[in-house]
Amino acid sequence: MLKIQWTGKLTEYITAVSWSKKGDLAVSSADGEVMLFTDTPHLILPPNDTQSSIDYLAFSADSQFLAVGGQNGQILIWQLPDLKLVDTLNWNLQWLENLAWHPQKNYLAFSQGRYVQIWDVETQEIITSLPFENSTVLDFAWHPQGEYLAIAGDGGVKIWDSKDWLEDPIHIETYAPAFKIKWAGYKDYLAISCLDDTVMLWDDFDLLPWRLSGFSGKVRNLTWSRIIPENAPLLGTSSRGNVLVWQKEKIIQKGWSATILNIDDRIIQDLQFNPHNLLLAGGNEEGCLFLWENEEQLMDNFTGIEGGFSCLQWDFAGEKLAVGSDMGEVFIFQLN
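### A word on the pattern of salt bridges
For step 1, the next point in the chain: This structure, assessed with the given rule, holds seven salt bridges.
For step 2, the next point in the chain: Lys163 serves as the salt-bridge partner of Asp161, at 3.4 Å between the closest nitrogen and oxygen.
For step 3, the next point in the chain: Overall, the relative accessible area of 24% leaves Asp161 in the partly exposed class.
For step 4, the next point in the chain: Residue classification places Lys163 among the exposed positions, given a relative accessible area of 66%.
For step 5, the next point in the chain: One salt bridge in this structure joins Asp264 and Arg266, with 2.7 Å as the shortest N-O distance.
For step 6, the next point in the chain: Take Arg266: its relative accessible area is 25%, and that puts it in the partly exposed class.
For step 7, the next point in the chain: If you follow the salt bridges from partner to partner, you end up with Asp264, Arg266 and Glu286 in one network.

In structure tokens:
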């Protein structure tokens, strides 16, 4: 199913991989490196002297900009294809916890401490600063159409309407801090992973969320399918090495039911559905690369890796899978 197209190595743990819609790939490391794959791979940020990691990187929706940030609190934004450095944002050396582009506009949201700020790259101005008073921001996510921005932390999730940032946000309360959140690309489904080893599923702005439980530990990964097999997309979750796929029942009162794909003690580091089918890819801390389709396991081992997998991502065409390792290795697989 998967054939290695390219392999290489950076000096440290691979922290993130990100594809642009045009097919470019960016990779970052815990040594502060950023490598960009266009026609050929080239290093655009070398290892830094302070060993400050680059933890997040992302391409804008139009593939025109690449933003990176991490431990030193600095955000760098390049304009492609000329790789012109157009912005260097410094935020008092606070650790950058996350960043993400608006799905249609060149707005970059990023979190530090108890705030999420949104930067307009074209006007080079802060559009808004959204406070999350309860705690440090643990995660945030744009709605797939850019209509809302959801922020997670202690006490639950707050959702701001992008048409009026001054309006009070919708508040989804959770028993424990909300750790990870993920919007589906269909309707308004929102999955919320909580630190009490539960997942909340919110599928309507006027209804209370469903509560999914029975996980083996903290749910580290949430991924929605783009393909809708019946009445809703599928939700993939992983806690330690246990991978479950959740499907909404036809009878609303029955909620969501789970299919077990994998049971293991080795932590699944990343999990993602292919954007054009129901192939689900996952990589664990001991170097096993999994591939499932329709509950069938197609791949469960991979030789040629020194350590374990740290992150992975399908490209927008669904034809390539980029994978990083905790030993600095980078793999690009072609789907046959």
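Having seen it, we continue.
### What about the sheet that holds strand E6 (residues 54-59)?
For step 1, the next point in the chain: Ordered by their spatial adjacency, four strands build an open sheet running E6-E7-E8-E9, and the pairing between neighbours is antiparallel. Each edge of the open sheet carries a strand with a single partner, namely E6 and strand E9 (84-90). For this sheet, the mean inter-axis angle between neighbouring strands, taken without regard to orientation, is 15°.
For step 2, the next point in the chain: Summarising the sheet, strand E7 (residues 65-70) and strand E8 (residues 74-79) pair through five bridges and their orientation is antiparallel. Among the inter-strand pairings, Ala67 is bridged to a residue of E8, identified as Ile77.

### A short note on the packing of aromatic side chains
For step 1, the next point in the chain: Scanning the model with the defined rule gives 10 aromatic pairs in all.
For step 2, the next point in the chain: Between Trp142 and Trp165 the ring centres are 6.2 Å apart and the planes differ by 75°, which places this aromatic pair in the edge-to-face class. Of this pair, Trp142 sits in strand E14 (residues 139-142) while Trp165 sits in the loop between strand E16 (156-161) and strand E17 (170-173), and the two are 23 residues apart along the sequence. When sorted by exposure, Trp142 lands in the same class as Trp165, which is buried.
For step 3, the next point in the chain: When the centroid spacing of 5.3 Å and the interplanar angle of 5° are considered together, the rings of Phe290 and Trp292 count as stacked.
For step 4, the next point in the chain: What makes Phe290 buried here is its relative accessible area of 4%.
For step 5, the next point in the chain: The buried category is assigned to Trp292, whose relative accessible area is 1%.

### Re unusual backbone geometry
Leave glycine aside and you will find that most residues have negative phi; peptide bonds, for their part, are mostly trans.
For step 1, the next point in the chain: The step from Leu80 to Pro81 runs through a cis peptide bond, and the omega angle for that step is 10°.
For step 2, the next point in the chain: Position of Pro81 among the secondary structure elements: in the loop between E8 and E9.
For step 3, the next point in the chain: Here the phi dihedral of Gln124 falls at roughly 55°; this positive angle occurs in a residue that is not glycine.
For step 4, the next point in the chain: Judged by relative accessible area, Gln124 falls into the partly exposed class, the value being 42%.

### Observations regarding the sheet that holds strand E24 (residues 242-248)
For step 1, the next point in the chain: Strand order in the open sheet formed by four strands is E22-E23-E24-E25, and the pairing between neighbours is antiparallel. Bordering the open sheet on either side are strand E22 (219-224) and strand E25 (256-262), each of which pairs with just one other strand. In this sheet, adjacent strand axes meet at a mean angle of 25° when their direction is disregarded.
For step 2, the next point in the chain: The sheet contact formed by strand E23 (residues 235-239) and E24 spans five bridges and is antiparallel. Paired with Leu235 across the bridge in E24 is Trp246.

The rules behind the values
- Residues numbered from 1 in each chain as written.
- Predicted model: local features only at pLDDT ≥ 70, side-chain atom pairs only at ≥ 80, totals over all residues.
- Heavy atoms only, no water.
- Salt bridge = Lys/Arg side-chain N within 4 Å of Asp/Glu carboxyl O.
- Buried < 20%, exposed > 50% of the residue type's maximum accessible area, 1.4 Å probe, protein only.
- Pairing = 2+ DSSP bridges.
- Helix = DSSP H or I, 4+ residues; strand = E, 2+ residues; numbered from the N terminus.
- Axes fitted to C-alpha atoms, helices over the stretch in contact; angles between N-to-C directions.
- Phe/Tyr/Trp six-rings, centres within 6.5 Å; stacked < 30°, edge-to-face > 60°.

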